[in-house]
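Okay, here's what each chain looks like letter by letter:
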Amino acid sequence: MLKVFKYKLQPNHKQSLALQRTLDVCRDVFNLSLEQRKMHRTGQFAQMRELTQLKQVFPEYKGVHVHVLQNVIKKLQRSFENMWERGAGFPRFKPFHRYNSFQFNNVGFNLNGRILSLSKIGNVKVRLSREIPEDAVIKTLSIKKSVSGWYACFAVEVPAQPLPQSDVVVGIDLGIENFAALSNGTMIANPRFYEQGQAALRVAQRRVARRKKGSVRRRKAVVLLKKVHEHIQSKRLDWTHKVTTGLVNRFGTIVLENLNIKGLAQGILAKQVHDCGWSQFITLLKYKAENAGRRVVEVDARYTSQECPACGTRKKKSLSERTHECSECGLVLHRDTAAAQVILGRMCPLDAKIGELIPCLV
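Everything in this summary refers to the structure shown in the same document. (Residues numbered from 1 in each chain as written. Predicted model: local features only at pLDDT ≥ 70, side-chain atom pairs only at ≥ 80, totals over all residues. Heavy atoms only, no water.)

**Examining the sheet that holds strand β9 (residues 178–182)**
Working step 1: The five strands lie next to each other as β10-β9-β8-β11-β12, forming an open sheet whose pairing is mixed. The open sheet has two free edges, formed respectively by β10 (187–189) and β12 (295–299), since each of these has just one partner strand. Taking the axes of each pair of neighbouring strands and ignoring which way they run, one obtains an average angle of 25° across the sheet.
Working step 2: In terms of strand pairing, strand β11 (residues 253–257) meets β12 through five bridges, oriented parallel. Paired with Val255 across the strands is Val297, a residue of β12. (Pairing = 2+ DSSP bridges. Helix = DSSP H or I, 4+ residues; strand = E, 2+ residues; numbered from the N terminus. Axes fitted to C-alpha atoms, helices over the stretch in contact; angles between N-to-C directions.)

**Some thoughts on the packing of helix α6 (residues 198–210) against helix α7 (residues 216–250)**
Working step 1: Interaxial distance between α6 and α7 falls to 8 Å at its minimum, and their mutual angle equals 160°. With respect to their mutual orientation, α6 and α7 come out roughly antiparallel. The hand of the α6/α7 crossing is left-handed. Contacts from Ala200, Leu201, Ala204, Gln205, Arg207 and Val208 of α6 reach α7 at Arg218, Ala221, Val222, Leu224, Leu225, Val228, His229 and Ile232.
Working step 2: For the contact of α6 with α7, the residue count by class is ten nonpolar, two polar and two charged. (Parallel < 35°, antiparallel > 145°, perpendicular 65-115°, else oblique. Left-handed = near helix turned anticlockwise from the far one by under 90°. Contact = heavy atoms within 4.5 Å. Nonpolar A, V, L, I, M, F, W, Y, C, P; charged D, E, K, R; others polar.)

**A few points about the sheet that holds strand β4 (residues 115–118)**
Working step 1: Sheet architecture is open: seven strands sit in the order β2-β6-β7-β1-β5-β4-β3, paired in antiparallel fashion. Two strands lie at the open edges of the sheet, namely β2 (101–104) and β3 (109–112), each paired on one side alone. Each strand of the sheet is rotated relative to its neighbour by a mean of 30°, with strand direction disregarded.
Working step 2: Of the strand pairs in this sheet, strand β1 (residues 2–10) and strand β5 (residues 122–127) are connected by three bridges, and their pairing is antiparallel.

Right, here's the structure in full:
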């Protein structure tokens, strides 16, 4: 399976200029290729063949590895494919602040210890926070620019590392009051990183608002604002990694709702849904489960919070009702725990009752 190892680069001043120059050339190629496609019909392979002519017209293009330029054309092609197949918008012109990465194939670079040799750029120091496995095969290298510096992202193919087999099954109900409720009654608290960072964001946003548009001081204030947002994102990602790793280590099968997260993120609770990061959580959980030989099952999300896990009776509840009280069988549970048990029951036989599911509720 493919995994990404991300390391921070420590370039000197000359190397930073070379990285920025490469990024600028890639952005120019993207915009020129997009404009060409707007003017007349052409394909990615025809545009790749024209790169040789571009190098003759623009000498600065000779200072960029050919695979890096070709990958820019492929990136544009993926944008068009997303538009055709998934209904995404038409590819847009990329200004300076909206293009932040370029990619090598499996040639044009070499990682030797803590030194990364990049073609046409030089030998750049790497903060090697963890070693790439010796049996891993490096497929691609992406160089990304962030507000906090330059990063190298190695996409490598590594063999799966299955954990000991486990028959333990759990249902998980994702929420906002608590980030997740497990069918065994455990609650995972919602850290609310964005809400906690509101004070720092407010200060940074006011600083930007006070600066004159187009001024150097405004650009500096925007950088500080981006750093606050990046800090919040990093905290959320770190926390999500820890939670998903713990769940995969504990349970052999994890049952989730098949949520329409994009639709939920457009309602009255949009800010809270984005703050939870459910999509990131599900993505990390699935790839870690695949690597560990565990299962992630998604079931129908309709009426999970309205249905009784014991008798199946449905009763409409408002969001303010936090306790499930069944008038038919008398079951009393926390609303989210009951929903998690309903989710778990939907993976098991439909005629299973709560008493028969006890072995699954670890």
